[in-house]
Amino acid sequence: MEPDNLVLQPRDVRFDWSALPMHWVPDEPVATHVMNVLHLLLPEGERWFVRTFQQAVPLISDDTLREDVLGFIGQEAVHAEAHSEVLDHLLANGLDPRPFTRQMEHVFGRILGPRAGLTASQAREQLIERVAIVAAVEHFTAYLGDWMLNADALDRAGIHPVMLDLLRWHAAEEVEHRSVAYDLMCHLDRRYVRRARTMLLVAPVLFWLWVRGARFMVRADKSTKARLTWRETMRAGRRGLLPRLSEIFRAFLRYFHPAYHPKQEGSTSQAIAYLASSPAAREAH
């Protein structure tokens, strides 16, 4: 039974990265760096989510949705800072992520930011399109959040406990607020064509950024001679250390079903249960 009337709230988590090894999935540099792409993309991406939703708040006429959006904004802001701290740790230990993160600042700040010189109606349309982009991305984060909460292979592999808590705390909050962006998009524009068109644009770009990010991280890591290959990535997927590409593709297809809703991805009860046991989340109360 899923809980009703869930109130979204940010949790002021703190993580100690002082003992984090470079390869926090033991003996798995490729799996480590494929997941490290989260730290490259999310800080600037989630700050962009926050700016977009802050601009959308005045357009919301439903009080419940407005409260959900404000809770979403608070959670995403904390996520961005938590992942930024991992990048600071990597930099201090000899892996410089800044060449890639500067590109992400350009993508989210300039390419996807508000445009100057638009009429009021054009600015509103562009804002709704940005909300639709967030909804498409949030579909994947909900899928990944559900995967992360159920990835027992990560426990068996001995992943560093602080990193595992970060990933599962974030995963749980992604599942917790998985409907907000989609509901906001539908509140502003219910047309199926926008939903489908935006996902068709977002999915290949997100996949391309992830591959580029993983390739960058593996090459920038001077402590390993590993190389990012499809064979190695597929092997990690078969071992349960990464999501399988076939499962990601099925998640992509689910977004196009006429009866789709994010509630179908993951379990709120499971997310809340993890947040009740998360060391970082418990310390935040």
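Residues numbered from 1 in each chain as written. Predicted model: local features only at pLDDT ≥ 70, side-chain atom pairs only at ≥ 80, totals over all residues. Heavy atoms only, no water.

- The name that an unreviewed UniProt entry assigns to the protein chain is Metal-dependent hydrolase, with the source organism given as Lentzea cavernae.

1. Quick word on the overall build of the protein chain
So, point 1. Across its full length, the protein chain holds 12 helices and 0 strands.
So, point 2. When the helices and strands of the protein chain are listed from N to C terminus, the series reads α-α-α-α-α-α-α-α-α-α-α-α.
So, point 3. Its C-alpha radius of gyration of 18 Å places the protein chain within 12% of the 19 Å reference for a compact globule of 285 residues.
So, point 4. Its C-alpha atoms give the protein chain principal-axis dimensions of roughly 55 × 45 × 35 Å.
So, point 5. Looking at the protein chain residue by residue over its 285 residues, the buried ones come to 53%. (Helix = DSSP H or I, 4+ residues; strand = E, 2+ residues; numbered from the N terminus. Rg over C-alpha atoms; globule rule 2.2 N^0.38 Å. Buried < 20%, exposed > 50% of the residue type's maximum accessible area, 1.4 Å probe, protein only.)

2. Overview of helix H6 (residues 161-176)
So, point 1. Across its 16 residues, H6 extends 22 Å between first and last C-alpha, which sits within 8% of the 22 Å expected from 1.5 Å per residue.
So, point 2. Extensive coverage of H6 is indicated by the burial of 14 of its 16 residues. (Expected span 1.5 Å × (residues − 1).)

3. Description of the pattern of salt bridges
So, point 1. Per the stated rule, a full pass over the model turns up 17 salt bridges.
So, point 2. The salt bridge partner of Arg235 is Glu28, with a shortest N-O separation of 2.9 Å. A residue pair is termed long-range when its members are at least 10 positions apart, and Arg235 in helix H9 (residues 230-238) and Glu28 in the segment before helix H1 (29-56) qualify at 207 residues.
So, point 3. Given a relative accessible area of 26%, Arg235 falls into the partly exposed group.
So, point 4. When its relative accessible area of 6% is taken as the criterion, Glu28 is described as buried.
So, point 5. A salt bridge links Arg66 to Asp63, with the shortest nitrogen-to-oxygen separation between them at 2.8 Å. Note that Arg66 and Asp63 are positioned in helix H2 (residues 63-92) at a spacing of 3 residues, about one turn of the helix. (Salt bridge = Lys/Arg side-chain N within 4 Å of Asp/Glu carboxyl O.)

4. Thoughts on a nonpolar patch on the surface
So, point 1. Together, Phe207, Trp230, Met234 and Leu245 line one region of the surface with nonpolar side chains, adding up to about 410 Å² of accessible area.
So, point 2. Judged by relative accessible area, which is 34%, Leu245 ranks as partly exposed. (Patch = residues over 30% accessible without salt bridge, like charges linked within 9 Å, V, L, I, M, F, W, Y side chains within 5 Å. Areas by Shrake-Rupley, 256 points an atom, 1.4 Å probe, with all protein chains shown as cover.)

5. Concerning the packing of aromatic side chains
So, point 1. Under the definition given, this model contains 13 aromatic pairs.
So, point 2. Between Tyr255 and Phe256 the ring centres are 6.5 Å apart and the planes differ by 90 degrees, which places this aromatic pair in the edge-to-face class. Assigned by exposure class, Tyr255 and Phe256 land together as buried.
So, point 3. Here a set of aromatic residues connected by ring pairs shows up, and it is made of Tyr182, Phe249, Phe252, Tyr255, Phe256 and Tyr260.
So, point 4. Just above the ring of Trp208 sits the side chain of Arg212; from NZ or CZ to the centre is 5.1 Å. (Phe/Tyr/Trp six-rings, centres within 6.5 Å; stacked < 30°, edge-to-face > 60°. Lys NZ or Arg CZ within 6 Å of the ring centre and 35° of its normal.)

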